[in-house]
Amino acid sequence: MEIPVYLIAGFLDAGKTNFINGILEDGFASEDRTLLIRCEEGEEEYNRKALFNVFTHTVEDMDELTPELFKQLEKQYKPKQVIIEYNGMWLIEPLYREKLPANWILYQIMCLVDANTFEMYVRNMGQLMMEKIMNADLLIFNRCDEQLRAQLRSRNLRMVNRRAEIYLENRDGTSEEYVTEDMSPFDLSEGRLDVPDDDYGVWYVDLMDNPTRYEGIQVTFKGLMCHSKKFPGIHCPGRFAMVCCEDDMQFLALVCKGDGLDRFADRDWVKVKATVRVEECAAYEGIGPVLYVSKISACQKPEQEVVSF
């Protein structure tokens, strides 16, 4: 029998226990037999009244998390689902790559972040923080105010994780979506955009998140030529981006069509002038921005070759 696993991630005092209490009292865990594995003890406690059909197990060291332990707990408690309150100092990937039994399916990763301490953790524990954000399906920044909301949005966290639902939770308990309709960082009123070298990453994120915003816009940008091996005949120049550290590089590619693209070798620096169209494309596995090239030429590489955020 498959057992869905819900992972609640975040650093100490990020609000994980309060979030879990909400799940236990009013959410999906209020009816089914649930195993709650606690990997971190904070100041808050679980609501005992909500634990009538919940069985808890505490783990103090990551080495204790083994397939054998999970199968033992499955046999002992016979849960319909599992919630793991994960230790903020542990990486998530080893858990789902090496430790979960085959029938324990990681259904959702929910990451909670205290907006007041986010920048501090990024500066001092960047890899740990960004790894959680990259893996999250649901990302909640709590204890926000107007200044913190603006600061978080300026970071373009969609670049780190384009899959996740992201919410900003305010001090008064209200919340709002991270992405807003008026978040475009560029003036497109004249129908064209010369993308600054240093802003390629910002533009890429906005273009991929809001392709219809750029429909018919003429853009000019610099990128490394790339000819797709997975999709023969597809040309997709782009830039490398460093998300949080040198070991975490992504290539931000854009599908281009037009004459002259095949004249350049992979990794040649090119300057592209093209018009954006939004259409079905196999490389995007759906609808996305396709750039119809009117001019392409060799160019000098930007002063900063790698995009950073």
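Description of the structure in this document. Along every chain, residues carry numbers that run from 1 in the direction the sequence is written. In keeping with the model being predicted, local features are shown solely for residues with a pLDDT of at least 70 and side-chain atom pairs are shown and tallied solely at 80 or more, while totals for entire chains, interfaces and linings include all residues. To get the side-chain values, all heavy atoms of the structure are used, and hydrogens and water are removed first.

1. Remarks on the overall build of the chain
Part 1 of the reasoning: The secondary structure content of the chain amounts to seven helices and 16 strands.
Part 2 of the reasoning: Projected onto the principal axes, the alpha-carbon positions of the chain cover approximately 65 × 40 × 35 Å.
Part 3 of the reasoning: Working definition: with a 1.4 Å probe on protein chains only, accessible area under 20% of the residue-type maximum means buried, over 50% means exposed, and in between means partly exposed. By the burial criterion, 49% of the 309 residues in the chain qualify as buried.
Part 4 of the reasoning: When contacts within the chain are restricted to residue pairs at least 6 apart in sequence, those whose partners lie at least 24 apart make up 70%.
Part 5 of the reasoning: Per element, the accessible surface of the chain, about 15,900 Å² overall, is 45% carbon and sulfur.
Part 6 of the reasoning: In this charge count, Lys and Arg are treated as positive and Asp and Glu as negative; neither His nor the chain ends contribute. By convention, charge coordinates are those of NZ in Lys, CZ in Arg, CG in Asp, or CD in Glu. In the chain, 35 side chains carry a positive charge and 54 a negative one; their mean positions are 4 Å apart. Secondary structure counts use DSSP, requiring at least four H or I residues in a row for a helix and at least two E residues in a row for a strand, with both numbered from the N terminus. Residue contacts follow a heavy-atom distance rule, with two residues in contact if any of their heavy atoms lie within 4.5 Å. To measure how exposed things are, a 1.4 Å probe is used in the Shrake-Rupley method; for residues, cover is taken only from the protein chains shown.

2. Observations regarding the pattern of salt bridges
Part 1 of the reasoning: When a carboxyl oxygen of Asp or Glu lies within 4 Å of a side-chain nitrogen of Lys or Arg, that pair is called a salt bridge. Under the defined criterion, the tally for this structure stands at 14 salt bridges.
Part 2 of the reasoning: Between Glu-119 and Arg-155 there is a salt bridge whose closest N-O contact spans 3.0 Å. With Glu-119 in helix α4 (residues 118-124) and Arg-155 in the loop between α6 (146-153) and β7 (165-170), this residue pair connects regions lying 36 residues apart in the sequence.
Part 3 of the reasoning: A salt bridge links Lys-301 to Glu-305; the nearest nitrogen and oxygen atoms lie 2.9 Å apart.
Part 4 of the reasoning: For Glu-305, a relative accessible area of 35% puts it in the partly exposed group.
Part 5 of the reasoning: Each of Arg-149, Arg-153 and Glu-176 takes part in salt bridges that share partners, so that together they form one network.

3. Let's talk about the sheet that holds strand β6 (residues 138-144)
Part 1 of the reasoning: Strand order in the open sheet formed by eight strands is β3-β2-β4-β1-β5-β6-β7-β8, and the pairing between neighbours is mixed. At either margin of the open sheet sits one strand with a lone partner, and together these are β3 (54-58) and β8 (175-177). The mean inter-strand angle of the sheet, taken between neighbouring strand axes irrespective of direction, is 20°.
Part 2 of the reasoning: Bridge count between strand β1 (residues 3-9) and strand β5 (residues 104-114): seven bridges; the pairing is parallel. Within β5, the residue paired with Ala-9 across the bridge is Cys-111. We treat two strands as partners when DSSP finds at least two bridges between them. To obtain an axis, a line is fitted to C-alpha atoms, over the contacting stretch when the element is a helix, and the angle between two such axes runs from 0 to 180 degrees between their N-to-C directions.

4. Notes on the nonpolar core
Part 1 of the reasoning: What is meant by a nonpolar core is a set of buried Ala, Val, Leu, Ile, Met, Phe, Trp, Tyr and Cys residues, joined one to another through side-chain atoms within 4.5 Å. Counting 33 residues, the largest nonpolar core has Trp-203, Tyr-214, Phe-221, Leu-254 and Leu-291 as the members making the most contacts within it.
Part 2 of the reasoning: Aside from chain neighbours lying at most four places away, what touches Tyr-214 is Ser-184, Phe-186, Leu-188, Leu-193, Trp-203, Asp-206, Leu-207 and Val-276.

5. Section: helix α1 (residues 16-26)
Part 1 of the reasoning: Regarding α1, the residues found buried are Lys-16, Thr-17, Ile-20, Asn-21, Ile-23 and Leu-24. The buried residues of α1 occupy an angular sector of 160° when the element is viewed end-on, so they sit on one face.
Part 2 of the reasoning: For α1, the elements touching its buried residues are β1, β2 (34-38), β3, β4 (81-85) and β5. To obtain the arc, one takes the directions from the helix axis to the C-beta atoms.

6. Comments concerning a negative patch on the surface
Part 1 of the reasoning: Distance thresholds for patches are 9 Å for like charges and 5 Å for nonpolar side chains (Val, Leu, Ile, Met, Phe, Trp, Tyr), applied to residues having over 30% relative accessible area and no salt bridge. A grouping of Glu-41, Glu-60, Asp-61, Asp-63 and Glu-64 is seen on the molecular surface, where their side chains present a negatively charged patch.
Part 2 of the reasoning: For Asp-61, the location among the structural elements is in the loop between β3 and α2 (67-77).
Part 3 of the reasoning: With a relative accessible area of 38%, Asp-61 lands in the partly exposed category.

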